[in-house]
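# Geometric and topological summary
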Amino acid sequence: MAIPISQMWTVSTYVLKNKLAGRKRFSLTLMLEPLFRCSLACAGCGKVQYPPHILKRELTPAECFAAVEECGAPMVAIPGGEPLLHPQMVEIVNGLIARRKYVYLCTNALELKHRLPEFKPSKYLTFSVHLDGQREHHDFGVCREGAYDIAIEGIKEAVRRGFRVTTNATFFDGVDPNSVRAFFDEVMAMGVEGIILSPGYSYDKAPDQHHFMGRARVRRLFRAILSNRKPTWKFNMSPLFLEFLMGFRNYECVPWGMPTYNIFGWQKPCYLLQDGFVGSYKELLETTEWEKYGVPSGNPKCANCMVSCGYETPAVIDGFTTWKGFLAMARGNFNKYPDPEALKQLSEAAAPAEQAEDCCCCHEETRA
Amino acid sequence: MTVEVQKYTMEQVEALEVAPGADHENLEGWVPTLASEEGLRDALEKAFDYRGDVTLTLKSGERIEAYIFNRHAAATLAESWVQYFVSGDAIKHRLSYALIARIEFTGKDRAAGKHWEDWVKHYNERKAAGETNIALAPEALE
């Protein structure tokens, strides 16, 4: 696991304190969306389809700090929209660092290289760069040729300047596991701290409604990708969550583990679903009808979700509050998950032409 | 967007190969008939889920062009409310269902009309024309 010891210590003690205090619901990471404006128009994204007057709105630094303090989570992810389009992003980040929050600034990195001089390297600050795979795959997925190369320049410069950098990938149906593994080699060679990954979620507002994987397919894909790991690969995620994606363990969704605050308020029930907003974190925890969400609820909007915002929290809690989970987490850090069946899957996926037919991000006819 | 009735069993969920996407309801330009309380509630639920502005006409005659981002459906119309933003105003407004006489889905639906196939077509056409740096740009903020 690529996460620094100081961060692991902060998170583990936070989890244990909350458990010892008997809290049923608490959050590990606040998803802070200070704006929805973005410089990309990705086909799989359902986050930025709003009228212009909504896209122009931004949270103020004071609103961000108030939300962070109210929530109390030790980690803050700043997605969006594109956070670097926010004119006060440096002030927001510095304010969060001053509060000793571990900040993951999630960026498409189109602006990263020339904005880096405005930030100071810190153990609390990580640039989490959106890269969905190798050059062609990423560019096609984000609907912009050249986006990969620009992001790579930003990553290399950030690494050179001593920043913590991760990549952050979302995989949709049709992705080639061999290409994903080659992508892991590429980004680790750039010196990033680790890789963050997730299966795509079926946003009902996303332009592409035809490439969302069901749970069975997600498990098969991630087993192919994450088995037989190379020694150079590091993941900035709980090993137990990765095992969940591979189908080796099961968790129930913990939507309050990564709550979302944005220009509309505290979002019910989670980062992915928009079922209403409330004015405070306390109200979010107390008034959301949590039993209506998650796989056991039968809610079809939750049926295919295996995304980290719901399922990494239970993995982290499992790892830090049970001996069995702790040992599994420790083992997961060193386990390469040898798996002949997964190797077979990789060779099958490498067989030419068979899967190109319905592949969302490898339309061969478009690459002439 | 309300929580829908149960559709999947655990076994079905675990065996899902492909998750069905959503069908976009074409609401742009729609003016629902608000003949009953149920009709009003249904229209406001759709307005909450709509990714464009709507125009609300109040029983007082006032007209408000708004983006509805939240709703609270309670037992009575008087207790139920929507929350909205209007352009150029930072305030989160709140309005009781009981005050609303008419709803028009007047704004462009920002979640409609953009499909993966459109991007593939756009890409193929530009590529065939010998262009490079092909991209879809975010919509202008007007």
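Calculation notes
Residues numbered from 1 in each chain as written. Chains lettered and ligands numbered in written order. Predicted model: local features only at pLDDT ≥ 70, side-chain atom pairs only at ≥ 80, totals over all residues. Heavy atoms only, no water. Helix = DSSP H or I, 4+ residues; strand = E, 2+ residues; numbered from the N terminus. Rg over C-alpha atoms; globule rule 2.2 N^0.38 Å. Buried < 20%, exposed > 50% of the residue type's maximum accessible area, 1.4 Å probe, protein only. Contact = heavy atoms within 4.5 Å. Areas by Shrake-Rupley, 256 points an atom, 1.4 Å probe, with all protein chains shown as cover. Salt bridge = Lys/Arg side-chain N within 4 Å of Asp/Glu carboxyl O. Polar contact = N/O pair within 3.5 Å; in protein donor to acceptor, adjacent residues only side chain to side chain. Pairing = 2+ DSSP bridges. Axes fitted to C-alpha atoms, helices over the stretch in contact; angles between N-to-C directions. Core = buried A, V, L, I, M, F, W, Y, C linked by side-chain atoms within 4.5 Å. Buried area = accessible area lost by both parts, 1.4 Å probe. Right-handed = clockwise from strand over helix to strand, strands pointing away. Phe/Tyr/Trp six-rings, centres within 6.5 Å; stacked < 30°, edge-to-face > 60°.

## Notes on the overall build of chain B
Secondary structure summary: chain B contains three helices and five strands in total. Listing each helix as α and each strand as β along chain B from the N terminus yields α-α-β-β-β-β-β-α. Rg of the C-alpha trace for chain B: 20 Å, well past the compact-globule value of 14 Å for 142 residues, more than 25% over. Taken across its 142 residues, chain B has 40% of its residues classed as buried. In chain B, the proportion of contacts linking residues at least 24 apart, taken out of those at least 6 apart, comes to 48%. Accessible area of chain B: about 7,800 Å², with a carbon and sulfur share of 51%.

## Notes on the pattern of salt bridges
Tallying each qualifying case throughout the model produces 29 salt bridges over all chains. A salt bridge links E243 of chain A to R249 of chain A; the nearest nitrogen and oxygen atoms lie 2.8 Å apart. Taking the shortest distance from any N to any O, the salt bridge between R71 of chain B and D275 of chain A comes out at 3.0 Å. With R71 of chain B in strand β2 (residues 63-72) and D275 of chain A in strand β9 (residues 274-278), the pair connects residues from two separate chains. By relative accessible area, which is 12% here, D275 of chain A ends up buried.

## Re the environment of E157 of chain A
All names here are of chain A. Position of E157 among the secondary structure elements: in helix α7 (residues 147-160). In this structure the C-alpha to C-alpha distance between E157 and L105, which are 52 residues apart in sequence, comes to 16 Å. Excluding residues that lie within four positions of it along the chain, E157 makes contacts with K113 and L116. A distance of 2.8 Å separates a polar atom in the side chain of E157 from a polar atom in the side chain of R160.

## Let's talk about the side chain of R164 of chain A
Residues and elements named next belong to chain A. Relative to the elements of secondary structure, R164 occurs in strand β5 (residues 164-171). Within polar-contact distance, the side chain of R164 engages the side chain of T126 at 3.4 Å. The contacts of R164, once residues within four sequence positions are left out, are P4, Q7, Y102, Y104, S122, K123, L125, T126, F127, E193 and N236.

## A word on the sheet that holds strand β4 (residues 125-130) of chain A
Residues and elements named next belong to chain A. Pairing in this open sheet of nine strands is mixed, and the strands run β6-β5-β4-β3-β2-β1-β7-β8-β9 from one edge to the other. Looking along the sheet, the strands with just one partner apiece sit at the ends: β6 (194-199) and β9. Shown here is a sheet whose adjacent strand axes are inclined to one another by a mean of 30°, direction ignored. Bridge count for strand β1 (residues 29-32) against strand β2 (residues 75-78) is three bridges, and the pairing is parallel. By the bridge assignment, M31 is partnered in β2 with A77. On top of the sheet, helix α1 (residues 5-20) reaches β2, β3 (102-107) and β5; it is set at about 110° to β3, its chief contact.

## Concerning the nonpolar core
F119, F184, L197 and F264 of chain A are the most contacted members of the largest nonpolar core, which has 124 residues in total. Sequence-distant contacts of F184 of chain A, that is, excluding residues within four places in its chain, are made with I195, L197, I225, L226, W233 and F235 of chain A. Listed in part, the 22 residues of the second largest apolar core include A43, A47, L95 and I100 of chain B.

## Some words on the environment of K123 of chain A
Considering the arrangement of structural elements, one finds K123 of chain A in the loop between α5 (112-115) and β4. Considering only alpha carbons, one finds K123 of chain A and W266 of chain A, 143 residues apart in sequence, at a separation of 28 Å.

## Section: the interface of chain A and chain B
Opposite the 65 residues of chain A that make contact, chain B presents 56 residues. Where chain A abuts chain B, roughly 5,200 Å² becomes buried across the two surfaces, and 57% of that area is made up of carbon and sulfur atoms. Sorting the residues of chain A by area buried against chain B places R57, E145 and K205 of chain A first, and these three jointly supply 13% of that buried surface. For the interface between chain A and chain B, the tally reads two salt bridges.

## Side note on the sheet that holds strand β1 (residues 54-58) of chain B
Residues and elements named next belong to chain B. Pairing is antiparallel across the open sheet formed by five strands, whose spatial order is β4-β3-β2-β1-β5. The strands lining the two open edges of the sheet, one partner per strand, are β4 (93-96) and β5 (100-104). If you compare each strand with its neighbour and ignore which way they point, the axes differ by 45° on average. Taken together, the four bridges between strand β3 (residues 81-85) and β4 define a ladder with antiparallel strand orientation.

## Quick notes on the pairing of β5 of chain A
Residue and element names in this part refer to chain A. Burial analysis of β5 places six of its eight residues in the buried class, which makes it a mostly covered element. Pairing geometry for β4 and β5, over five bridges, is parallel. Bridge pairing in β5 links T126 to R164. Taken together, the six bridges between β5 and β6 define a ladder with parallel strand orientation. Its bridge partner being in β6, A169 is matched across the sheet by L197. The β-α-β motif built from β5, the intervening helix α8 (residues 177-189) and the parallel element β6 has right-handed crossover chirality.

## Considering the packing of aromatic side chains
If you walk through the whole model with that rule in mind, you get 32 aromatic pairs over all chains. Between F264 of chain A and Y67 of chain B the ring centres are 6.1 Å apart and the planes differ by 20°, which places this aromatic pair in the stacked class. Of this pair, F264 of chain A sits in the loop between β7 (260-262) and β8 (265-269) while Y67 of chain B sits in strand β2, on two different chains. Overall, the relative accessible area of 3% leaves F264 of chain A in the buried class. Taken together, F36, Y50, F264 and F277 of chain A together with Y67, F69 and F85 of chain B form an aromatic cluster joined through their ring pairs.

## What about the pairing of β6 of chain A?
Counting buried positions along β6 of chain A gives six out of six residues, so the element sits mostly inside the fold. Burial along β6 of chain A is two-sided: G194, I196 and S198 of chain A facing one way and I195, L197 and P199 of chain A facing the other are all buried.

## A look at unusual backbone geometry
Cis peptide bonds are those with omega within 30 degrees of zero, and the linkage from G80 of chain A to G81 of chain A qualifies with 5°. Note that the residue after K268 of chain A, namely P269 of chain A, is joined by a cis bond; omega there is -5°. Phi is positive for N133 of chain B, which is not a glycine, with a value near 50°. On the secondary structure map, N133 of chain B appears in the segment after α3 (116-128). For N133 of chain B, a relative accessible area of 59% gives the class exposed.

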